[in-house]
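# Structure assessment
Now for the letters of each chain:
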Amino acid sequence: MAHLVTAIIKPFKLEEVKDALRGAGVLGLTVSEVQGYGRQGGKSETFRGSEYTIDFVPKVKVEVICDTPDVDKVIELISRSAQTGKIGDGKIWAFDLDRLMRIRTGETGDSAI
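Right, let's walk through the structure included here. These figures come from a predicted structure and were not determined experimentally.

### Digging into the packing of aromatic side chains
Summed over all chains, the structure comprises one aromatic pair. A centroid spacing of 5.7 Å and a plane angle of 45° characterise the contact between Tyr37 and Phe56, whose relative ring orientation is tilted. You can see Tyr37 sitting in the loop between β2 (30-36) and β3 (43-47) and its partner Phe56 sitting in the loop between β4 (50-54) and β5 (57-67), a full 19 residues away along the chain. For Tyr37, a relative accessible area of 54% gives the class exposed.

### As for the nonpolar core
Counting 16 residues, the largest nonpolar core has Ile9, Leu21, Val74 and Ile78 as the members making the most contacts within it. For this core, the elements supplying multiple residues, two or more each, are β1 (2-9), α1 (14-23), β5 and α2 (71-82). If you tally residues by element for this core, the top one is α2, at five residues. Every residue in contact with Val74, bar those within four places of it in the chain, is listed here: Val5, Leu21, Val26, Val64 and Cys66. One finds Ala2, Leu97, Leu100 and Ala112 within the second-largest nonpolar core, a separate group that totals five residues.

### With respect to the sheet that holds strand β6 (residues 91-96)
Reading across the sheet, the four strands line up as β2-β5-β1-β6 and stay open at both edges, with antiparallel pairing between neighbours. Either end of the sheet is taken by a strand with one partner, and the two such strands are β2 and β6. For this sheet, the mean angle separating the axes of adjacent strands, direction not counted, is 25°. The pairing of β2 with β5 spans seven bridges and is antiparallel. Its bridge partner being in β5, Gln35 is matched across the sheet by Pro58. Strands in contact with α1 are β1, β2 and β5; relative to β5, the strand with the most contacts, it is inclined by about 10°. Contacts from α2 reach β1, β5 and β6, with the element oriented near 10° to β1.

### Section: the pattern of salt bridges
Applying the stated criterion to the full structure yields six salt bridges. Put simply, Asp98 and Arg99 hold a salt bridge, and the shortest N to O gap is 2.7 Å. Look at Asp98 and you get exposed, because its relative accessible area is 59%.

### Some thoughts on the packing of α1 against α2
Close contact between α1 and α2 brings their axes to 8 Å; oriented N to C, the two are set at 145°. Between α1 and α2 lies a crossing whose hand is right-handed. Taking contact as the criterion, the partners of Glu16, Val17, Ala20 and Leu21 in α1 are, on α2, Val74, Leu77, Ile78, Ser81 and Ala82. Looking at side-chain class alone, the contact of α1 with α2 contains seven nonpolar, one polar and one charged residues.

Cut-offs applied
Residues numbered from 1 in each chain as written. Predicted model: local features only at pLDDT ≥ 70, side-chain atom pairs only at ≥ 80, totals over all residues. Heavy atoms only, no water. Phe/Tyr/Trp six-rings, centres within 6.5 Å; stacked < 30°, edge-to-face > 60°. Helix = DSSP H or I, 4+ residues; strand = E, 2+ residues; numbered from the N terminus. Buried < 20%, exposed > 50% of the residue type's maximum accessible area, 1.4 Å probe, protein only. Core = buried A, V, L, I, M, F, W, Y, C linked by side-chain atoms within 4.5 Å. Contact = heavy atoms within 4.5 Å. Pairing = 2+ DSSP bridges. Axes fitted to C-alpha atoms, helices over the stretch in contact; angles between N-to-C directions. Salt bridge = Lys/Arg side-chain N within 4 Å of Asp/Glu carboxyl O. Left-handed = near helix turned anticlockwise from the far one by under 90°. Nonpolar A, V, L, I, M, F, W, Y, C, P; charged D, E, K, R; others polar.

Here you go:
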């Protein structure tokens, strides 16, 4: 069946992730601008001499539907291309899709990928 791989990454790494996935033959992805925080709990910035705290850090959510045998490859590609080695690099998770349908054709299951 199919899996949904979701990654939360730093916005400036999106092009690298997209290029890596496209280069590996991944045919589609969905990207959303999101905000959140993890262990870093936000960040402090200085503007015109005043320091202020940003509670939610801007991130990008990337979602890819792929065949089950390709899940590890997709996760590795995203991980390698999104990594900076600094706090806030993000998270990746994947789970089985119970149902999948291509709206245009009505195809279901693996043929809908």
